[in-house]
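Read off the chains here:
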Amino acid sequence: MATDAMATAPTSLDGAVTVQSTTTTTTGASVMAASAGEPTVAVELTPARPRFSRFERFHKALVLPVVGLGVLLNGLGIAAGRDGSESRSIELVWLGIALIYLVAGGRLFNPRCDARDRLRDALALGVGLTLCRTVAEIRGFDQFDELLHIRTATDLMRSGVLFSHNPLLPASARYPGLELLTDAVAQLTGLSLTLSGAVVILFARMLTIWALFVLVERLSGSAYAAGVGVVVYCASPQYYLFNSQFSYQSLAIGLMFAVLALAVATRTPSPPPAPTRTAAPTKAAAPTKAAAPPESLAQETWTDATTTDATTVDESTADGTAPGGIPADEGPGDVTSAGRPKSVRPPTAVLVAPVLGLAALATSHHLTSWLAVGILALWALSVRRFSHDPARAGWATWLFLPGLGAMVLWSVWSGPMIGEYLAPIFEDAFGQLAGVVGGSNSSRKLFSGNGGPVTPQWERGAIILWSLLWLGAILPLLRWFPRWRHQASDRYMFRILFALGLSYPCILVGRVSPKTAEFTTRFSTFIFIGLALVVGMLGARFMSAHPAKRTTVVVTLAAMLPFLGGIVLGSPDWQRSTGPYLVSADARSVDRFALQAARWARGNLPAGSVLACDRVNGAVFAARGGVWVTSGLSGGTNVGPLYFGPHFGRYEQSILARNKVDYLVVDQRLAKSLPRIGVYVAPGEAEPGTRITHEALAKYDRVPGSVRVYDNGPIRIYSVVGLWRGKPSIATPTTATVQR
């Protein structure tokens, strides 16, 4: 780490705050930019005093131990839920999350921390929340999406063959980046699949936090804004639960953030200034030391590629241009007759890391890679159109083109399968939204779930405050945008991410229907990149003007409820805690009965058998049993109607025949309640709100040709070949006993 002596000067996000003499440490973006000889923005909220107080040193020392305590409380809550105390489980989980936020988030709100400590505390916050999920899955991945990827990872580790077909999620096999990395960790370390997957996800989350910190620090010029940005991003609905799962998007998000951070923080040096583009004599540039800090955020240090000296250029004109009309954040250089820069190809060594990141991203997740390439495309076009720096134009172009090539080639190869997977999702989401707007469908009832209790009052308040906070933050951002876009170190990337953050109201509008709520909540992962940037800058501006300790305490406590509101919005209590079995509730529906039945199927059913299951048991049997489970994505049709209706008729027979079902898995507990996630098997199985009955599930004991071959109490497996083909099953009837 390099240190710079900062003299007393008015320094802030808008040049209005006094910074006292101290020593600051450059991190992340500053080191990367300095190593490339590029202009850097090293503005930092510095301590009011050169030494930390005793309390501040104590607070710093407490961060890691208290984060560990929060994780421990979360683990105790998970254990309490497995012992049957669901209410205590929820309380301990929330207590652990609150402790992690208060100690790590409180440090990030403190303006008296240096940049290096901010990065450490940001990692402590992000990784601490991730470990809270890791301890909940220490016995194995059991979330629905995780089970789908476990099937792909298991096939890869056992066969060593890529692109084996996954019956429930074919896209996972076509985008095997997560599974490849997990297999590599397992082979290098000898760890189990579960532990190897946990290591990979932990790495992905650390990469996400580090890259986000670097990205915001580089664009804003403030490590304080970067720290606040990390707090904002950790409050996004998807961060705590969904993006901490063993899922291909979890790894892809980290790769995307890393590519964007490298894009704005690593650039090749500009060529020497051309004689024809010198600044006006009235404002001649004065040479200074290369390490001297700028007097305001609107200043940057440009290093000549042929010398070791740097020239500080004053670019604080009202219209954002330097003397002579050169844009403030652009260096001089040759341009074409059309006014565009003659781009310079960057050195190959500089391109290696981001290009490898783009290649890994293209093979890890479809939508994330498309969005990353889209952002890079807008950035490259903007730089080439408006910038007069050929090095920057070349860097943007040569970074975008390999990403575009990798994305297009991989998407074309996976095209038909990805289209079949994504098309129904978009059709359902936009269809439900159109129905609500047109009045044919009723809107989604807020603060209530399917077959479960309504949201507690304090969680409702947290969600409302979370929503109002971000809406309230957008209004002043619109006012300061013209000033900030000139002060940002890369105004083009800043504009793109700012626009992304302004799309936040789409999250609220999307809550009107279940499918649009799922769609917009998942997209919030990317919307919060922009919110992290602009709200971080807004927080830095506020805290620069109010650096008192009491302000830090008040802001930390006031932001806690909205922070928790983001977690509440992303997942209900029953998903964050453990407890007794719940109907179609992802991990809460995976218990010893389901796992025992899946193991029996692996060892006793004939190879090539086709099973029909409900949603969660289908994932368990596919992942843990290694059997083929029919679904719409595997070329079958919806088998949901098999579980409704008290009688077996020709319609049910046609479903078995079209799917060529050999065995039917019937979980008697499906009749207990409505499904927590909205469906028992798959969308379209029955009219919304229709419950499965015990009589409907028992009909396969009465219909001739159906043979019960397995029974462990709650779960029964029937051979149904005789119902549509007329051949008996070759499996031996078994009644399993489970220790209760």
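Structure: see above.
In this text, all values refer to a predicted model and were calculated from it rather than measured experimentally.

Caption draft 1: The arrangement of the overall build of the chain in detail. Of regular secondary structure, the chain possesses 25 helices and 13 strands. Within the chain, the proportion of its 740 residues that are buried is 57%. Across the chain, every contact between residues at least 6 apart in sequence was considered, and the portion connecting residues at least 24 apart equals 74%. A total accessible area of about 29600 Å² is found for the chain, and carbon and sulfur atoms account for 63% of it.

Caption draft 2: A look at the layout of surface pockets. By volume, the second largest pocket amounts to about 760 Å³. As for the second largest pocket, its lining consists of 31 residues, of which Arg82, Arg139, Asp142, Val590 and Asp591 are closest to the centre.

Caption draft 3: A look at unusual backbone geometry. In this structure, Phe163 is a non-glycine residue whose phi angle is positive, near 65°. Note on placement: Phe163 falls in the loop between helix H5 (144-159) and helix H6 (170-174). When its relative accessible area of 36% is taken as the criterion, Phe163 is described as partly exposed.

Caption draft 4: Broad picture of the environment of Thr690. Within the secondary structure, Thr690 is located in the loop between strand E10 (663-667) and helix H24 (694-698). Thr690 sits in the partly exposed class, given a relative accessible area of 32%. Thr690 sits 15 residues away from Pro675 along the chain, and the two C-alpha atoms are 9.8 Å apart. Sequence-distant contacts of Thr690, defined by excluding residues within four places in its chain, comprise Phe644, Leu674 and Tyr680. Within the structure, the side chain of Thr690 is placed 2.7 Å from the backbone oxygen of Glu687, a separation counted as a polar contact.

Caption draft 5: Focus on the nonpolar core. In terms of nonpolar packing, the biggest core is built from 151 residues, with Leu125, Met256, Trp379, Phe563 and Phe621 touching the most fellow members. At 14 residues, the largest contribution of residues to this core is made by helix H10 (residues 248-265). What Trp379 contacts, discounting residues up to four positions off in sequence, is Ala263, Trp395, Ala396, Leu399, Asp490, Tyr492, Met493 and Ile496.

Caption draft 6: A look at the pattern of salt bridges. Overall, the coordinates contain 15 salt bridges when judged by the stated rule. Between Glu137 and Arg133 there is a salt bridge, with the nearest N and O atoms lying 3.8 Å from each other. Grouping residues by exposure puts Glu137 and Arg133 together as buried. For Asp155, the salt bridge is made with Arg151, and the minimal N-O distance between the two is 3.0 Å. On the criterion of helical spacing, the pair formed by Asp155 and Arg151 is a turn pair, its members being 4 residues apart in helix H5. Through salt bridges that share partners, Lys60, Arg107, Asp117, Arg120 and Asp121 make up one connected network.

Caption draft 7: Geometry of the pairing of E10. In terms of burial, E10 is a largely internal element, 5 of the 5 residues being buried. Of the pairings in the sheet, the one linking strand E8 (residues 610-612) to E10 comprises 2 bridges and is parallel in character. Residue pairing in the sheet places Ala612 in a bridge with Leu664 of E10.

Caption draft 8: Structural context of the environment of Glu217. Here Glu217 lies in helix H8 (residues 193-220). Between the C-alpha atoms of Glu217 and Met537, which are 320 residues apart in sequence, the distance is 9.6 Å.

Caption draft 9: Geometry of a nonpolar patch on the surface. The grouping of Ile138, Leu191, Leu195 and Val199 at the surface amounts to a nonpolar patch, some 310 Å² of accessible area in total. By secondary structure assignment, the location of Ile138 is in the loop between helix H4 (115-136) and H5. The exposure class of Ile138 is exposed, given its relative accessible area of 52%.

Caption draft 10: Geometry of helix H19 (residues 549-570). Helix length check: H19, at 22 residues, gives a terminal C-alpha distance of 32 Å against a target of 32 Å (1.5 Å per residue), a fit within 8%. Of all the bends in H19, the greatest, near 35°, is centred on Met560, and the proline Pro562 appears no more than four residues after it.

Caption draft 11: Inspection of the packing of helix H7 (residues 177-189) against H8 at higher detail. Contact geometry of H7 with H8 gives a least axis separation of 9 Å together with a crossing angle of 120°. Compared by their axis directions, H7 and H8 come out oblique. As H7 runs across H8, the sense of the crossing is right-handed. Across from Leu178, Leu181, Thr182, Val185, Ala186 and Thr189 in H7, the residues of H8 making contact are Leu193, Ser196, Gly197, Val199, Val200, Ile201 and Phe203. Class assignment of the residues belonging to the contact of H7 with H8 gives a composition of 9 nonpolar, 4 polar and no charged.

Caption draft 12: How the structure looks around helix H22 (residues 615-624). Across the 10 residues of H22, 9 count as buried, placing the element largely inside the fold. Taken together, the buried positions of H22 are occupied by Arg615, Val616, Asn617, Gly618, Ala619, Val620, Phe621, Ala622 and Ala623. The inward-facing, buried residues of H22 contact H5, helix H21 (592-604), E8, strand E9 (628-629), E10 and strand E12 (715-719). One or two positions beyond H22, positive phi appears at Gly626, with a value near 65°.

Caption draft 13: Representation of the packing of aromatic side chains within the structure. Under the criterion given, the structure shown has 13 aromatic pairs. A ring pair is formed by Phe163 and Trp413, whose centres lie 4.7 Å apart and whose planes are at 70°; its orientation type is edge-to-face. Residue Phe163 is located in the loop between H5 and H6, and its partner Trp413 is located in helix H13 (residues 390-413); the two are separated by 250 residues in the primary sequence. An aromatic cluster of at least three residues, connected via ring pairs, comprises Phe163, Trp410 and Trp413. Between Arg174 and the ring centre of Trp413, over which it is positioned, the NZ or CZ distance is 4.4 Å.

Caption draft 14: Spotlight on the side chain of Asn166. Note that Asn166 resides in the loop between H5 and H6. On the basis of relative accessible area, Asn166 is assigned to the buried category, the value being 1%. Here the side chain of Asn166 touches Leu169 through a polar contact of 3.1 Å, landing on its backbone nitrogen. In this structure, Asn166 is in contact with Leu148, Arg151, Thr152, Ser172 and Ala173, ignoring residues within four places of it in sequence.

Caption draft 15: Broad picture of empty space enclosed by the protein. Under the counting rule described, the total for this entry stands at 6 cavities of 30 Å³ or more. Of the voids in this model, the second largest cavity is the one considered here, and its volume is about 110 Å³. Around the second largest cavity, the lining comprises 16 residues; the ones closest to its centre are Thr134, Glu137, Phe141, Ala198 and Ser244. Those elements that provide at least two residues to the lining of the second largest cavity are H4 and H8.

What counts and what doesn't
- Residues numbered from 1 in each chain as written.
- Predicted model: local features only at pLDDT ≥ 70, side-chain atom pairs only at ≥ 80, totals over all residues.
- Heavy atoms only, no water.
- Helix = DSSP H or I, 4+ residues; strand = E, 2+ residues; numbered from the N terminus.
- Buried < 20%, exposed > 50% of the residue type's maximum accessible area, 1.4 Å probe, protein only.
- Contact = heavy atoms within 4.5 Å.
- Areas by Shrake-Rupley, 256 points an atom, 1.4 Å probe, with all protein chains shown as cover.
- 1 Å grid on protein atoms, 1.4 Å probe; cavity = no way out; pocket = protein on both sides within 12 Å on 5 of 7 lines; lining within 4 Å.
- Points joined across faces, edges and corners; volume = space filled by probe spheres on them.
- Polar contact = N/O pair within 3.5 Å; in protein donor to acceptor, adjacent residues only side chain to side chain.
- Core = buried A, V, L, I, M, F, W, Y, C linked by side-chain atoms within 4.5 Å.
- Salt bridge = Lys/Arg side-chain N within 4 Å of Asp/Glu carboxyl O.
- Pairing = 2+ DSSP bridges.
- Patch = residues over 30% accessible without salt bridge, like charges linked within 9 Å, V, L, I, M, F, W, Y side chains within 5 Å.
- Expected span 1.5 Å × (residues − 1).
- Bend = angle between axes of the 7 residues up to and from the residue.
- Axes fitted to C-alpha atoms, helices over the stretch in contact; angles between N-to-C directions.
- Parallel < 35°, antiparallel > 145°, perpendicular 65-115°, else oblique.
- Left-handed = near helix turned anticlockwise from the far one by under 90°.
- Nonpolar A, V, L, I, M, F, W, Y, C, P; charged D, E, K, R; others polar.
- Phe/Tyr/Trp six-rings, centres within 6.5 Å; stacked < 30°, edge-to-face > 60°.
- Lys NZ or Arg CZ within 6 Å of the ring centre and 35° of its normal.

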